[in-house]
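Here is how the chains run, residue by residue.
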Amino acid sequence: MSRRSGVLEFAVLGLLRESPMHGYELRKRLNTSLGVFRAFSYGTLYPCLKALVTQGWLTEESALDDPLAAPLAGRRAKIVYRLTAAGKEHFEDLLAQTGPDSWEDEQFGVRFAFFGHTERDVRMRVLEGRRSRLEERLEKMRASLARTRERLDDYTLELQRHGMESVEREVRWLNELIETERAGRGRAKGRPADQGRDDTDPTDTTK
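Just so you know, these numbers come straight off a predicted model, no measurement behind them.

## Let's talk about the pattern of salt bridges
In step 1: Within the structure shown, the criterion is met by 15 salt bridges.
In step 2: The partner of Lys50 in a salt bridge is Glu60, and the shortest N-O contact between them spans 2.9 Å. Of this pair, Lys50 sits in helix α3 (residues 42-54) while Glu60 sits in strand β2 (residues 58-63), placing them 10 residues apart in sequence.
In step 3: Among the residues examined, Glu60 registers a relative accessible area of 34% and is labelled partly exposed.
In step 4: Via salt bridges that share partners, Asp105, Arg130, Arg137 and Glu170 belong to a single interconnected network.

Printed below as a string of structure tokens:
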């Protein structure tokens, strides 16, 4: 399984943990709640759903748009996806993981979106790991800039500085989050992934 497909699996399980959904609704939630999936297609989502059904983590149920309406010839029923008990257990296992993958750009934003379902000690390890990763990146960027400064034109130099400032901003944001967690002011477990969030991706260093 590729890293990106693993992130998609995690996000799908997390959203379906909140409530069953049909494919279109699920895709919409992925796009609006989790910025990392804004550009993905049905061709990516449905193979993932089928694989999760095959593994026993989801079930498929047929439902008409309006369950009270009389059946119509040629009317297609929607497929509603529901998390199974095994799927919920698998998602809980994924939530508990704090290895290096959870700190990287592709995964951190999605992991953060589900911090409302994540235990405090796990949140702390992921936040501290992400901060460590960014501090390493920042050190390399500064060293690279110091070596190449004299050879760069003004626009390339400004681009390099912009990248560094973006990373520095995220480090400051992580410091604040870590202090909040240490003070015991973290949000309660069970908060929906997109409740109270805006669409800004905290890992997007282009802003």
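## Some details on the confidence of the model for the protein
Regions with low pLDDT carry predicted coordinates that are not meant to be interpreted in detail.
In step 1: Chain-level statistics for the protein give a pLDDT mean of 83 and a share of 76% at 70 or above.
In step 2: Confidence, read as mean pLDDT per element, is least for helix α2 (residues 23-33) in the protein (85) and greatest for helix α4 (residues 85-95) (96).
In step 3: Residue range residues 190-203 is modelled with pLDDT below 50. Its contacts to residues more than four positions away, or to other chains, number 28 contacts.

## Some thoughts on the nonpolar core
In step 1: In this structure, Val12, Leu13, Leu16, Leu26, Leu30, Leu58 and Phe114 are the most contacted members of the largest nonpolar core, which totals 26 residues.
In step 2: Put simply, the parts of the chain that give this core at least two residues each are α1 (3-18), α2, α3, β3 (78-83), α4 and α5 (105-113).
In step 3: The element that contributes the greatest number of residues to this core is α1, accounting for eight residues.
In step 4: In contact with Leu13, not counting residues within four places along its chain, are Leu52, Trp57, Leu58, Leu83, His90, Phe91 and Leu94.

## Examining the environment of Phe10
In step 1: Inspection of the secondary structure assignment puts Phe10 in helix α1.
In step 2: Its relative accessible area of 6% is what places Phe10 among the buried residues.
In step 3: Considering only alpha carbons, one finds Phe10 and Leu95, 85 residues apart in sequence, at a separation of 8.6 Å.
In step 4: Not counting the four nearest positions on each side in its chain, Phe10 is found in contact with Phe91, Leu94, Leu95, Val110, Arg111 and Phe114.

Scoring rules and cut-offs
- Residues numbered from 1 in each chain as written.
- Predicted model: local features only at pLDDT ≥ 70, side-chain atom pairs only at ≥ 80, totals over all residues.
- Heavy atoms only, no water.
- Salt bridge = Lys/Arg side-chain N within 4 Å of Asp/Glu carboxyl O.
- Helix = DSSP H or I, 4+ residues; strand = E, 2+ residues; numbered from the N terminus.
- Buried < 20%, exposed > 50% of the residue type's maximum accessible area, 1.4 Å probe, protein only.
- pLDDT = per-residue confidence, 0-100.
- Contact = heavy atoms within 4.5 Å.
- Core = buried A, V, L, I, M, F, W, Y, C linked by side-chain atoms within 4.5 Å.

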